[in-house]
Each structure stands twice: as C-alpha cells, then as structure tokens.
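Fold and contact review
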Amino acid sequence: MKTEAQVFIAQNTGVMAPPHVPEILLHLASEAHDLWQKTEEELEAIGLPPPYWAFAWAGGQGLARYVLDNPELVRGKSVLDFASGSGLVAIAAKMAGAAAVSACDIDPWAAMATAMNAVRNKTVIATRSDEIIGTDDGWQVVLAGDVFYDQALAGALIPWFEDLARRGAEVLVGDPGRSYCPRDRLEQLAVYEVPVTRALEDSEVKKTTVWRFA
C-alpha cells in the first residue's frame, strides 16, 4: 500500500531523465506540474518543505556523470551521498558498482523520493534523514552535489569534509559556481556544461566542476 508521501510524489512529478545523466530516471517536477508553481508559503501550508528533491540540480548532475564515467572511484566501496535530494548521485554510485550506498538528506520527503527513484532504477539505496555533519561512519567515499550555496552550511561542511579526507575518505563535491565553495582547498577533477531550467538558475546551462578535497 502506498503512503501519502508516495502518492503525492507520484501525482506531482513525472518520471524523466536528467539531461546530463540520461541513464537514470527520476521523479522530477516539470512545467507541467503544479509543484513547480507553488511558493514556499503554499508548500508550508500543506506541510511540505521546499521540494529540492524534485529537481536535478547542476551540481548533482555533474557529480553523477563523473561517478558513472569513473566507476573505479566507488566500485566495491561504501559510499555516502550527503544532501542527497532526489538520490541521483547515490543511484549513480550504486549503478557504478558501489558495495553499499547511503543517501542522507534532512528532509524526509527526500528520503521517500530517493527510495522511489532507487526502485525505478533497480538499485538498493539506504536512506536516512538524521543530522550527520561532524560524524563518521567509516564511509570510503563521500559525495555531495551543490552544497555550498549557504555560508553557514559551508562553514560546517568544510571542516567535516576535510576531516573525512584526512582520515582517508575520497570526498568529492559537484559545484556549479556557488559563492561559498572553497576552491582554494580543492583539486579540480572535471568540468561539465550542464543543462538546467532557467526557473531555478540564472542561465540555461551551468558550468559545473567536480572537485576533490585534498
């Protein structure tokens, strides 16, 4: 039996492939769905946090593309997809051969969307919605798409990511030029031109870089 969240997601999204990662199908909002038009106030009135999980953000698309094109990064390893949203990067990691993938997003709606998207792509993803910044479950690879859009969040993430990298984890982020990305501390791995929707971004294509914490 479907839950209320599953029914809502199914009714307010369409199943489609992000343009930069056509191998993966996701439940995404489009111009054809009311979810696209709703303001944050309207969403709050129905008890729904801003539905970041309903869009394939440029940072996540670039990072997912890199993982699929470089499967040796995750093959046979334990992987965390932090701020996972739709679960795009987590699904890419599992498709690339990761042994175990955990997708974490503090929005429980994202966890439900990720679970639905994982089933759609015939993958098994563990989901969680707890606050994990500063923790370490021994992940061998940590992936984060588009997380440096907020100064306070970046201030919490950077030392955590550095600690994880220092103890031996591969920590990769996908970033489309956000203001608080610590580029001076990172190693550039790849650059992509990612198609996005102008309703969410300031252009129709975002230059997206995949970085590694040294």
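Before any of the text, the structure's been laid out above.
Residues numbered from 1 in each chain as written. Predicted model: local features only at pLDDT ≥ 70, side-chain atom pairs only at ≥ 80, totals over all residues. Heavy atoms only, no water.

A few points about the sheet that holds strand β7 (residues 170–175)
The strand order β5-β4-β3-β6-β7-β9-β8 describes an open sheet built from seven strands, whose pairing is mixed. Across the chains shown, the open sheet's two edge strands, defined by having one partner strand only, are β5 (126–128) and β8 (186–195). Ignoring strand direction, the axes of neighbouring strands in this sheet form an average angle of 20°. The sheet contact formed by β8 and strand β9 (residues 205–213) spans nine bridges and is antiparallel. From the neighbouring strand, Pro195 faces β9, where its bridge partner is Val205. In the packing of helix α5 (residues 88–95) onto the sheet, the strands contacted are β3 (78–82), β4 (100–104) and β6 (141–145), and the crossing angle to β4 comes to about 180°. (Pairing = 2+ DSSP bridges. Helix = DSSP H or I, 4+ residues; strand = E, 2+ residues; numbered from the N terminus. Axes fitted to C-alpha atoms, helices over the stretch in contact; angles between N-to-C directions. Contact = heavy atoms within 4.5 Å.)

Concerning the layout of surface pockets
Where empty space is left becomes clear once a probe the size of a water molecule has been rolled over the atoms. Put simply, the largest pocket is a space of about 720 Å³. Along its surface, the largest pocket is lined by 31 residues, and Tyr52, Ala83, Asp105, Asp146 and Tyr149 are the ones closest to its centre. Its residues placed into classes, the lining of the largest pocket shows 19 nonpolar, five polar and seven charged. (1 Å grid on protein atoms, 1.4 Å probe; cavity = no way out; pocket = protein on both sides within 12 Å on 5 of 7 lines; lining within 4 Å. Points joined across faces, edges and corners; volume = space filled by probe spheres on them. Nonpolar A, V, L, I, M, F, W, Y, C, P; charged D, E, K, R; others polar.)

Section: the packing of helix α4 (residues 58–69) against α5
It is the contact of α4 with α5, at a shortest axis distance of 9 Å, that shows an interaxial angle of 5°. Classed by the angle they form, the pair α4 and α5 counts as roughly parallel. Here α4 contributes Gly60, Gln61, Leu63, Ala64, Val67 and Leu68 to the contact with α5, which in turn contributes Leu88, Val89, Ala92, Ala93 and Met95. Of the residues belonging to the contact of α4 with α5, the class tally is nine nonpolar, two polar and no charged. (Parallel < 35°, antiparallel > 145°, perpendicular 65-115°, else oblique.)

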